[in-house]
Amino acid sequence: MQQRKTGRPSGTDGSDFSYRMVVDSRYTKVAKGKSRLYALILAQAAIQLIGLLYIVLSISKETSLNTLAISSPIIGLISLLIGELGRRRSRVSFLRVYIIMSSIAILISLTFAITSNSSLQVIWTLSNLERKKFEFIETILLVLGLIVHIVTVGTVISLIGNMSPPKKAC
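Figured I'd write up the structure that's included with this text. Note that the structure is a prediction, hence the values are computed from the model and not measured. (Residues numbered from 1 in each chain as written. Predicted model: local features only at pLDDT ≥ 70, side-chain atom pairs only at ≥ 80, totals over all residues. Heavy atoms only, no water.)

## Some words on the overall build of the protein
For step 1, the next point in the chain: Per the secondary structure count, the protein includes 5 helices and 0 strands.
For step 2, the next point in the chain: Secondary structure elements of the protein occur, N-terminal to C-terminal, as α-α-α-α-α.
For step 3, the next point in the chain: Contacts in the protein between residues far apart in sequence, at least 24 positions, make up 73% of those at least 6 positions apart.
For step 4, the next point in the chain: Summed over its atoms, the accessible surface of the protein is roughly 12,000 Å², and 66% of this surface lies on carbon and sulfur atoms. (Helix = DSSP H or I, 4+ residues; strand = E, 2+ residues; numbered from the N terminus. Contact = heavy atoms within 4.5 Å. Areas by Shrake-Rupley, 256 points an atom, 1.4 Å probe, with all protein chains shown as cover.)

So this is what it looks like as structure tokens:
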């Protein structure tokens, strides 16, 4: 009787490496970009939810309802849903809409902060921090949201570039 060979079957010792398929680097960049975008979307969602909670608390104190203050987190949360769909399904068009809508939400937040003038007063007079702690939280959320948005725009632009098929040389 002939005995079986023990050990590794032929062809799997690494000598066939030149015949194996190689994953294109843009696919690994897309995977890393998607995971980075997921973390950024979670950060933006947390900032938007805290901002929405702040608005609900400020509405309970005041009787006036500011449409700019309410529209920014609502547009922001809708854009986050679109961005998450674009990230999951690798849809470039959804990611573009996400960037546009989240930029509009940030611009509305900035407009509200500038027109209300309370955020600017908090920055210039930190000595009255105890009395204006809600305005300070609003200012911190605005600055943090702006920083996260800038990083997100860079990530999405890179992701869109890697998702798009490579251009053929003519």
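## Some words on the pattern of salt bridges
For step 1, the next point in the chain: Evaluation of the coordinates by the stated rule reveals 2 salt bridges.
For step 2, the next point in the chain: Ionic pairing is found between Arg88 and Glu84, a salt bridge with its closest N-O pair at 2.9 Å. On the criterion of helical spacing, the pair formed by Arg88 and Glu84 is a turn pair, its members being 4 residues apart in helix 2 (residues 67-89).
For step 3, the next point in the chain: Residues joined by salt bridges that share partners form a network here, namely Glu84, Arg87 and Arg88. (Salt bridge = Lys/Arg side-chain N within 4 Å of Asp/Glu carboxyl O.)

## Quick word on helix 3 (residues 92-116)
For step 1, the next point in the chain: Here helix 3 contains 25 residues, and its C-alpha end-to-end distance of 36 Å stays within 8% of the 36 Å for a straight helix at 1.5 Å per residue.
For step 2, the next point in the chain: Buried within helix 3 we find Val92, Leu95, Tyr98, Ile99, Ser102, Ala105, Ile106, Ile108, Phe112 and Ala113. (Expected span 1.5 Å × (residues − 1). Buried < 20%, exposed > 50% of the residue type's maximum accessible area, 1.4 Å probe, protein only.)

## Remarks on the nonpolar core
For step 1, the next point in the chain: Counting residues in each nonpolar core, the largest one holds 12 residues, listed as Val30, Leu37, Ile41, Leu80, Val92, Leu95, Tyr98, Ile99, Val156, Leu159, Ile160 and Met163.
For step 2, the next point in the chain: Counting residues per element, the ones that place at least two in this core are helix 1 (25-61), helix 3 and helix 5 (133-163).
For step 3, the next point in the chain: Not counting residues up to four positions away in its chain, the partners in contact with Ile99 are His149, Thr152, Val153 and Val156. (Core = buried A, V, L, I, M, F, W, Y, C linked by side-chain atoms within 4.5 Å.)

## Quick word on the environment of Ile75
For step 1, the next point in the chain: For Ile75, the location among the structural elements is in helix 2.
For step 2, the next point in the chain: Sequence-wise, Ile75 and Ile106 are 31 residues apart; in three dimensions their C-alpha atoms are separated by 9.4 Å.

## A few points about the environment of Gly76
For step 1, the next point in the chain: With respect to the helices and strands, Gly76 occurs in helix 2.
For step 2, the next point in the chain: Note on Gly76: relative accessible area 3%, which makes it buried.
For step 3, the next point in the chain: Each residue touching Gly76, except ones within four places of it in the same chain, is listed here: Gln48 and Ala105.

## A closer look at the environment of Ile99
For step 1, the next point in the chain: Within the secondary structure, Ile99 sits in helix 3.
For step 2, the next point in the chain: Counting along the chain gives 20 residues from Ile99 to Ser79, while the straight-line C-alpha distance between them is 7.7 Å.

## Examining the packing of helix 1 against helix 2
For step 1, the next point in the chain: Where helix 1 meets helix 2, the closest approach of the two axes is 9 Å, and the angle between their N-to-C directions is 160°. In terms of orientation, helix 1 and helix 2 fall into the roughly antiparallel class. As helix 1 packs across helix 2, the resulting crossing turns out to be left-handed. Of the residues in helix 2, those touching helix 1 at Lys34, Leu37, Tyr38, Ile41, Gln44, Ala45, Gln48, Leu49, Leu52, Ile55 and Ile59 are Ala69, Ile70, Ser72, Pro73, Gly76, Leu77, Leu80, Gly83, Glu84, Arg87 and Arg88.
For step 2, the next point in the chain: Looking at the contact of helix 1 with helix 2 residue by residue, the class counts come to 13 nonpolar, 5 polar and 4 charged. (Axes fitted to C-alpha atoms, helices over the stretch in contact; angles between N-to-C directions. Parallel < 35°, antiparallel > 145°, perpendicular 65-115°, else oblique. Left-handed = near helix turned anticlockwise from the far one by under 90°. Nonpolar A, V, L, I, M, F, W, Y, C, P; charged D, E, K, R; others polar.)

Distances and angles like these do not, on their own, reveal function.
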